[in-house]
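Inside the fold
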Amino acid sequence: MNSLVQATPAARYEQLIRDAVGARPMRVAVVHPCSVEALQGALEARDEGLLEPVLVGPEAKIRRIADQAGLSLQGLPIEPVEHSHAAAARAVELAVAGQVGALMKGSLHTDELLGAVVSSGSGLRTERRISHVYAMSLPAYPKPLIITDAAINIAPNLAQKRDICQNAIDLLHVMGVPRPHVAVLAAVETVNPAMPSTLDAAALTVMATRHQITGGLVDGPLAFDNAISLEAASIKGIVSPVAGSADILLVPDLEAGNMLAKQLIYLSQADAAGLVLGARVPIILTSRADSLRVRLASSALARLVAARGGVQALGKEDA
């Protein structure tokens, strides 16, 4: 059985970090780290042996913030650029050149960083749609749970949901889950032509049986309760190989996913590591409100993805 499943909720991220530590730390471009939180996150990951940060941003501003916060930047390389837009562009160049194995968001806006990643000719695009995953550890759930996409794709169409689904499946393979169970969420468990999310869920289920989605067991539409509770599914008479055992919750749109993830974080004391997949390198997204454990788990996930050649290089580069 996978060690992350065996671990208690409090120990799952610690196990993930231990799994990622061992070989040479991965070089990561920290993009525009012009806040105390961004600098601290990079230094914490370095101190745990996960990353070798390369700071990309206005050098004078970075050093001033570090001095004011009492943070030592000794030994850390800095790629000097004038502003956040240039920092995103330079970080992408470093990744394309193989000088870093991942990107980490600093204090710039997420759209600015991802815009540089997916721009035409960036060198990091693949045929796969980029998507965000929350890798959650919940006290009330017996194993890690992925929620996707709650941060990037606002209203994905069927083809985009296929990519979002495949990205999450591939991540769980990297985490040691050989055949993840994917619950495609909707408000009901039956196909209703008036509810497009149920039509997409049914289509994704068939796509998995036709090998258009591979490596996982996909079923939907399923409501949230049936996806995570076998008892709830049984009471409703739902027969599903995924019901009650979901590893991945594929949400209908960003609003549903964002609300679900934040409800679990703030009402159920869930931890949620964040990662962007589908580019040629993983992208670490953290929040200023994240705990040290969550920030380190996000870095550990990126390290595992990059080290095992998993999610980031599956598609062909776009023209």
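Everything discussed here concerns the structure shown above.
One structure accompanies this document, and this report is about it. (Residues numbered from 1 in each chain as written. Predicted model: local features only at pLDDT ≥ 70, side-chain atom pairs only at ≥ 80, totals over all residues. Heavy atoms only, no water.)

Below, the discussion takes up the sheet that holds strand S7 (residues 181–185). If you walk across this open sheet you meet the 11 strands as S3-S2-S1-S4-S11-S10-S5-S6-S9-S7-S8, and the pairing is mixed. Every other strand in the sheet has two partners, leaving strand S3 (78–80) and strand S8 (217–222) as the edge strands with one partner each. Two strands pair when backbone bridges link them, and S7 and S8 are joined in this way by four bridges, in the parallel orientation. In the sheet register, Val182 faces S8, and the bridge partner there is Val218. Against the sheet, helix H3 (residues 36–47) contacts strand S1 (26–31), strand S2 (51–57) and strand S4 (102–105), and its axis sits at roughly 155 degrees relative to S2. (Pairing = 2+ DSSP bridges. Helix = DSSP H or I, 4+ residues; strand = E, 2+ residues; numbered from the N terminus. Contact = heavy atoms within 4.5 Å. Axes fitted to C-alpha atoms, helices over the stretch in contact; angles between N-to-C directions.)

Note the cis peptide between Thr148 and Asp149, where omega equals -5 degrees. Following the sequence through the fold, Asp149 ends up in the loop between strand S6 (145–148) and helix H7 (158–174). In this structure, Pro221 follows Gly220 across a cis peptide bond, with omega equal to 5 degrees. Mapped onto the elements, Pro221 comes out in strand S8. Not every positive phi belongs to a glycine, and His32 is a case in point at roughly 55 degrees. Note on placement: His32 falls in the loop between S1 and H3. A relative accessible area of 10% places His32 in the buried class. The phi angle at Gln269 is positive, at roughly 55 degrees, despite the residue not being glycine. (Buried < 20%, exposed > 50% of the residue type's maximum accessible area, 1.4 Å probe, protein only.)

We now examine helix H8 (residues 196–209). Taking 1.5 Å of rise per residue, 14 residues should cover 20 Å, and H8 covers 20 Å from first to last C-alpha, within 8% of that figure. Where the residues of H8 are buried, they touch H7, S7, S8 and strand S9 (248–250). Just beyond H8, the residue with positive phi is His211, at close to 65 degrees. (Expected span 1.5 Å × (residues − 1).)

In this structure, Leu171 and Leu275 are the most contacted members of the largest nonpolar core, which totals 53 residues. When residues no more than four places from it in sequence are discounted, the contact partners of Leu275 are Ser131, His132, Val133, Leu171, Pro282, Ile283, Ile284, Ser298, Leu301, Ala302 and Val305. If you look at the next biggest cluster of nonpolar residues, it comprises 26 residues, including Ala29, Leu94, Leu108 and Leu114. (Core = buried A, V, L, I, M, F, W, Y, C linked by side-chain atoms within 4.5 Å.)

Moving on, we come to the pairing of S8. The buried fraction of S8 is high, at six of six residues. In this fold, the crossover linking S7 to S8 by way of H8 has right-handed handedness. (Right-handed = clockwise from strand over helix to strand, strands pointing away.)

Before going further, it helps to examine the packing of H7 against H8. The contact between H7 and H8 brings their axes to 10 Å, and the two run at 55 degrees. By the angle class used here, H7 and H8 are oblique. As H7 runs across H8, the sense of the crossing is right-handed. Across from Leu158, Lys161 and Arg162 in H7, the residues of H8 making contact are Ser197, Asp200, Ala203, Leu204 and Met207. Taken together, the residues of the contact of H7 with H8 break down into four nonpolar, one polar and three charged. (Parallel < 35°, antiparallel > 145°, perpendicular 65-115°, else oblique. Left-handed = near helix turned anticlockwise from the far one by under 90°. Nonpolar A, V, L, I, M, F, W, Y, C, P; charged D, E, K, R; others polar.)

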